[in-house]
Amino acid sequence: MTWGIVFDLLGTFFFAISGSLLAAQRGFDIVASLLLASLTGLGGGVIRDLVIGTPPAAFAQPVHVIPPVAAATLVFFLSGTVQRYSRALLVFDAGGLAVFCTTGTVTALSAGMNPVAAVLLGVTTGVGGGLLRDVVANRDPQLFNPNDLYAVPAFVGAALIGTLWIVGWYGPVTLVAVTVAVFAFRVLSLHFGWRIPHARGPWPRHRT
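All right, on to helix H4 (residues 66–77) then. Compared with an ideal rise of 1.5 Å per residue, which puts 12 residues at 16 Å, H4 spans 17 Å between its outermost C-alpha atoms and is within 8% of the ideal. For H4, the set of buried residues is Pro67, Pro68, Ala71, Ala72 and Val75. Looking down the long axis of H4, one finds its buried residues gathered within 130 degrees of arc, a one-sided arrangement. In H4, the exposed residues that point more than 90 degrees away from the buried face are Ile66 and Phe77. Considering only its buried residues, H4 is in contact with helix H1 (3–25) and helix H2 (30–52).

Residue position: proline 153 is located in helix H7 (residues 151–167). Note on proline 153: relative accessible area 0%, which makes it buried. The sequence separation of proline 153 and glycine 122 amounts to 31 residues, and the corresponding C-alpha distance is 11 Å. Excluding anything up to four places from it in sequence, proline 153 contacts Leu97, Val182, Phe185 and Arg186.

Moving on, we get to the environment of phenylalanine 7. One can find phenylalanine 7 in helix H1. Residue phenylalanine 7 is classed as buried on the basis of its relative accessible area, which comes to 8%. Excluding anything up to four places from it in sequence, phenylalanine 7 contacts Val99, Thr103, Leu175, Val176 and Thr179.

What follows concerns the pattern of salt bridges. All told, the structure shown has 6 salt bridges when counted by the stated rule. For aspartate 134, the salt bridge goes to arginine 133, with nearest N and O atoms at 2.9 Å. Take aspartate 134 and arginine 133: they sit in the same class, and that class is buried. When the shortest N-O distance is used, the salt bridge between aspartate 134 and arginine 139 registers 2.9 Å. Judged by its relative accessible area of 1%, aspartate 134 is buried.

Taking 1.5 Å per residue as the helical rise, H1 with its 23 residues ought to reach 33 Å, and the 33 Å between its terminal C-alpha atoms agrees with that figure. Glycine 27 sits one or two positions beyond H1 and adopts a positive phi of about 80 degrees.

A complete count under the given rule lists 7 aromatic pairs for this structure. Considering the side-chain rings of phenylalanine 15 and phenylalanine 100, the 5.8 Å spacing of their centres and the 15 degrees angle between planes classify their relative orientation as stacked. Of the two residues, phenylalanine 15 sits in helix H1 while phenylalanine 100 sits in helix H5 (residues 88–110), which places them 85 residues apart along the sequence. When sorted by exposure, phenylalanine 15 lands in the same class as phenylalanine 100, which is buried. A connected cluster of aromatic rings, assembled from ring pairs, spans Phe13, Phe14 and Phe92.

Conventions and cut-offs
Residues numbered from 1 in each chain as written. Predicted model: local features only at pLDDT ≥ 70, side-chain atom pairs only at ≥ 80, totals over all residues. Heavy atoms only, no water. Helix = DSSP H or I, 4+ residues; strand = E, 2+ residues; numbered from the N terminus. Expected span 1.5 Å × (residues − 1). Buried < 20%, exposed > 50% of the residue type's maximum accessible area, 1.4 Å probe, protein only. Arc of directions from axis to C-beta. Contact = heavy atoms within 4.5 Å. Salt bridge = Lys/Arg side-chain N within 4 Å of Asp/Glu carboxyl O. Phe/Tyr/Trp six-rings, centres within 6.5 Å; stacked < 30°, edge-to-face > 60°.

Laid out in structure tokens, this is it:
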């Protein structure tokens, strides 16, 4: 089992936990929890692989099914504490975002994509699962929350990986370091309520 697969499974588990937590908070049954966990955990990776043009790892390697099943089972037995630790959803989402924005960028670079495209695909991989989760659960996507920095940490992590790859400093240690940094950035942004300036409208009209 390679480092890439280990990180993919870890990111899948983190995102799957967030999907199952949302299902529990919405009062969904165990089947819906499993489906939402699978969609959240595997969605970003499937989008990544389809863009690259390779068979999605989620379908080519059955081991990727284990994290969503484990996540749904774990949340099912701990459902009594879900409401008490509701912010756990955001923390696990942050973990999935951190892992997938970095590994998504590495996968794109390894497939021969240029650095700019690889960074964009890394961000897409990072935010894709959470976006699908929120849309399917009929919740306003966290990605479009005006009071949140959801995509910014993913951009930072993907850009750092792209830069390290270009200068020849990429390796397992730097991958872990960037992933931890993105996770910390995301958690701190949640704690302190960081946000970027809003787009404001309506725009003033100029008479001609």
